[in-house]
Amino acid sequence: MLQFCLVTCLLVNAPVPRVPTPTPTPTPLPVSIDAVRSTAPAEGRPLLLELGDARVLCTIERVRAHGDERYTVSGRVPGAPGGTFAIARCRDALHGIVRIGTLGTWELRSADGAPLVTRRVPEQPTECTCGAHLSANGPAAPLLPLAGPGSDPDDGSAIDLLVVFRDAVAAHVGGVNAMIALIDLGAEENNIAWAASGIASEIRVVHMQQYPGPVLGLGDLAGTDDGLYDDVHVLRNAYAADQVVEIVDSNGGVAMGLVELDPEQQSRMFCQVGDGAIPNATFAHEVGHNMGCCHAFGDGGGCPSEGGLLFPFSNGHRFFGTSGAQWRTVMAYSPGTRFLGFSSPTGEHDGVPTGFPPDESSPGADNTATIDTSRVLVATFRSSQLAPCRALDLPPDAPDCNRNGMPDACEIEIGHLLDLDDDGVPDVCECPMDFDGNGMVGFDDLVEFLALYGGTCAHLPGAPCFGDFDEDEFIGFTDLVILLSQWGPCLD
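Residues numbered from 1 in each chain as written. Predicted model: local features only at pLDDT ≥ 70, side-chain atom pairs only at ≥ 80, totals over all residues. Heavy atoms only, no water.

Enquirer: Is there a simple way to think about the overall build of the chain in this case?
Expert: Across its full length, the chain holds 12 helices and 20 strands. A total of 492 residues make up the chain; the buried ones form 53% of that total. Summed over all atoms, the accessible surface of the chain reaches about 20700 Å², with 57% contributed by carbon and sulfur. (Helix = DSSP H or I, 4+ residues; strand = E, 2+ residues; numbered from the N terminus. Buried < 20%, exposed > 50% of the residue type's maximum accessible area, 1.4 Å probe, protein only. Areas by Shrake-Rupley, 256 points an atom, 1.4 Å probe, with all protein chains shown as cover.)

Enquirer: Whenever I open this one, a nonpolar patch on the surface confuses me. Can you help?
Expert: On the surface, F443, V447, L484 and W487 cluster together into a nonpolar patch covering about 420 Å² of accessible area. Along the chain, the position of V447 falls in helix α11 (residues 443-452). Note on V447: relative accessible area 42%, which makes it partly exposed. (Patch = residues over 30% accessible without salt bridge, like charges linked within 9 Å, V, L, I, M, F, W, Y side chains within 5 Å. Salt bridge = Lys/Arg side-chain N within 4 Å of Asp/Glu carboxyl O.)

Enquirer: Can you walk me through the sheet that holds strand β4 (residues 70-76) in this structure?
Expert: Hydrogen bonding along the main chain pairs the strands of a sheet, whether they run parallel or antiparallel. Across the sheet, which stays open at both edges, the eight strands sit in the order β1-β2-β3-β4-β5-β6-β7-β8 with mixed pairing between neighbours. The open sheet terminates on both sides in strands that have one partner only, identified here as β1 (31-32) and β8 (117-120). Bridging between strand β3 (residues 54-67) and β4 involves seven bridges; their strand directions are antiparallel. Note on β4: the bridge partner recorded for G67 is R70. In this fold helix α4 (residues 176-196) packs onto β3, β4, β5 (83-90) and β6 (93-100), with an angle of close to 150° to the strand it touches most, β5. (Pairing = 2+ DSSP bridges. Contact = heavy atoms within 4.5 Å. Axes fitted to C-alpha atoms, helices over the stretch in contact; angles between N-to-C directions.)

Enquirer: Got a minute to help me understand the environment of Q385 in this structure?
Expert: For Q385, the position within the fold is in the loop between α8 (367-378) and α9 (408-413). A relative accessible area of 59% means that Q385 is categorised as exposed. Taking the C-alpha atoms as reference points, Q385 and A240, 145 residues apart in sequence, are found 8.1 Å from one another.

Enquirer: Explanation requested: the layout of surface pockets in the structure shown.
Expert: Any empty space left between the atoms is revealed when a probe the size of a water molecule rolls over them. Taken as a whole, the largest pocket spans an internal volume of roughly 630 Å³. Looking at the largest pocket, it is lined by 29 residues, and the ones nearest its centre are H66, R70, V205, M208 and D393. Among the elements of the structure, β3, β4, α4 and β10 (202-211) are those that each provide at least two residues to the lining of the largest pocket. For the lining of the largest pocket, the class distribution of residues is 12 nonpolar, six polar and 11 charged. (1 Å grid on protein atoms, 1.4 Å probe; cavity = no way out; pocket = protein on both sides within 12 Å on 5 of 7 lines; lining within 4 Å. Points joined across faces, edges and corners; volume = space filled by probe spheres on them. Nonpolar A, V, L, I, M, F, W, Y, C, P; charged D, E, K, R; others polar.)

Enquirer: Would you mind going over the packing of aromatic side chains with me for this structure?
Expert: Two aromatic rings are characterised by how far apart their centres lie and by the angle between their planes. Tallied over the entire structure, the rule returns six aromatic pairs. Between the aromatic rings of F297 and F356, the centroid separation amounts to 6.5 Å while the plane-to-plane angle is 35°, which identifies the pairing as tilted. In this pair, F297 sits in the loop between α7 (282-289) and β14 (318-320) while F356 sits in the loop between β18 (352-353) and α8, placing the two residues 59 residues apart along the sequence. The interplanar angle of 15° and the centroid separation of 6.0 Å between the aromatic rings of F449 and F469 together place this pair among those described as stacked. (Phe/Tyr/Trp six-rings, centres within 6.5 Å; stacked < 30°, edge-to-face > 60°.)

Enquirer: What should I look at first to understand the pairing of strand β11 (residues 243-248) in this one?
Expert: The side chains of a regular strand alternate between both faces of the sheet. The buried count for β11 comes to six of six residues, which makes it a mostly enclosed element. With burial as the criterion, each face of β11 is covered, one bearing Q243, V245 and I247 and the other bearing V244, E246 and V248.

Enquirer: Please clarify how the nonpolar core should be interpreted in this entry.
Expert: Within soluble globular proteins, side chains that are nonpolar generally end up buried alongside one another. W194, V245, I247 and F283 are the most contacted members of the largest nonpolar core, which has 53 residues in total. Among the elements that take part in this core, α4 stands out by supplying 12 residues, more than any other. With sequence-adjacent residues up to four places away left out, I247 is seen in contact with V163, V164, F165, V169, M179, I183, V273, D275, I278 and F283. Y211, Y239, A241 and M406 belong to the second-largest nonpolar core, a separate cluster that totals 24 residues. (Core = buried A, V, L, I, M, F, W, Y, C linked by side-chain atoms within 4.5 Å.)

Enquirer: Would you explain the packing of α4 against α7 in this entry?
Expert: Each pair of packed helices can be summarised by the angle the axes make with each other and by the distance between the axes. Interhelical geometry of α4 versus α7 gives an angle of 65° and a closest axis separation of 8 Å. Accordingly, the angle class assigned to the pair α4 and α7 is roughly perpendicular. Both α4 and α7 take part in a crossing whose hand is right-handed. For the pair formed by α4 and α7, the contact residues are I183, G186, A187, N190 and W194 on the first element and F283, A284 and V287 on the second. Partitioned by chemical class, the residues of the contact of α4 with α7 number six nonpolar, two polar and no charged. (Parallel < 35°, antiparallel > 145°, perpendicular 65-115°, else oblique. Left-handed = near helix turned anticlockwise from the far one by under 90°.)

Right under this line is the structure:
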């Protein structure tokens, strides 16, 4: 604590040098966290953060607007090796992470306009609490064709992400706005790490989606024909997302991982990130796996014992800096203090290279080169030109009347649901007895209903069960009576 107070006092109370001009330029006053909550501050301004009993003066280097009352602010903590901060705001919710090197990591959180809560984040021994870190559950073929070679304008400068989360997980973090802020925060720290490593790309969240039911395993999420949220693949195509990330209620993460430079690897672009693990840079960690990166030698967690994933040198790294502190890159497990950077023989942190080249005894550690190579392929897994739902700019909790995890407006846009009266509400939701969506309850609808007759609703909680009009989890005689009572044109 004494060391922390000395550092923060130096940061806040350091004398400002006099400017040798006739009319000195006044030192700009720092903005406070309260100002950040109300409006986005300007780049270049100092930001004063209160972390428990200490104050830390940060420098704002980037402000990025994401929409109405939604933005991220990030920058450096001067005087602290590896010192970074990032704050994301979405309306009445705020989430932030302050990393002060070996002095620790602090999390800032507020939901529904409640007072800001600050806590020191405990160092996690590993990032995976789910068993094997890299899992494969069979190929997941796309439901829509990919763009052909040469027809995709994506050049690797951005990797597009679809991020999904369950109702219960949103409630756990404080609501949809808090979840949006948390996702924006994870993405911002990923981009800080990529930029600090010299990676010529960034990740871009093209859509967030809330959906019903319990959290599934990674293989269930990635599978296409198991009846467990298969529409995530349609949603991925509708937003042309190169990767899919699910936020789950945990302190760990799991990813499939890129294992070769092959277009078929698009089926492995799925990972799960625990909401409690985002302060430990696990968002960037799991996305890193899907870019071909693996852990440091000896970490395990599903990585090959001889090292590497996409390439033999695709390894994280732990090292001691000139200060005597032990550090670890984003992909490495503890011990060591994690900083936002990837291994590289040419990159440095605390005066020491963050990776090393291959030699006779080791294949090396260079996850920066791994991502810089894989980004060109991964960016082509979905074409930005083939994204019919992006222009709709729908929020994660947009109307979803059939509760299948796809916004109604998006399903109408891609032709999955009909809206013949053009009122923005799918016809099947206005008249659930109209199975074929032609505006009439008739013979064809009766035939489809009878094919379901006698069945139970073996579906995920909260998901639609067509034919169960009385919502008793069984398709039977009462449902038939309801259908026949609506015979004829659907009523508005």
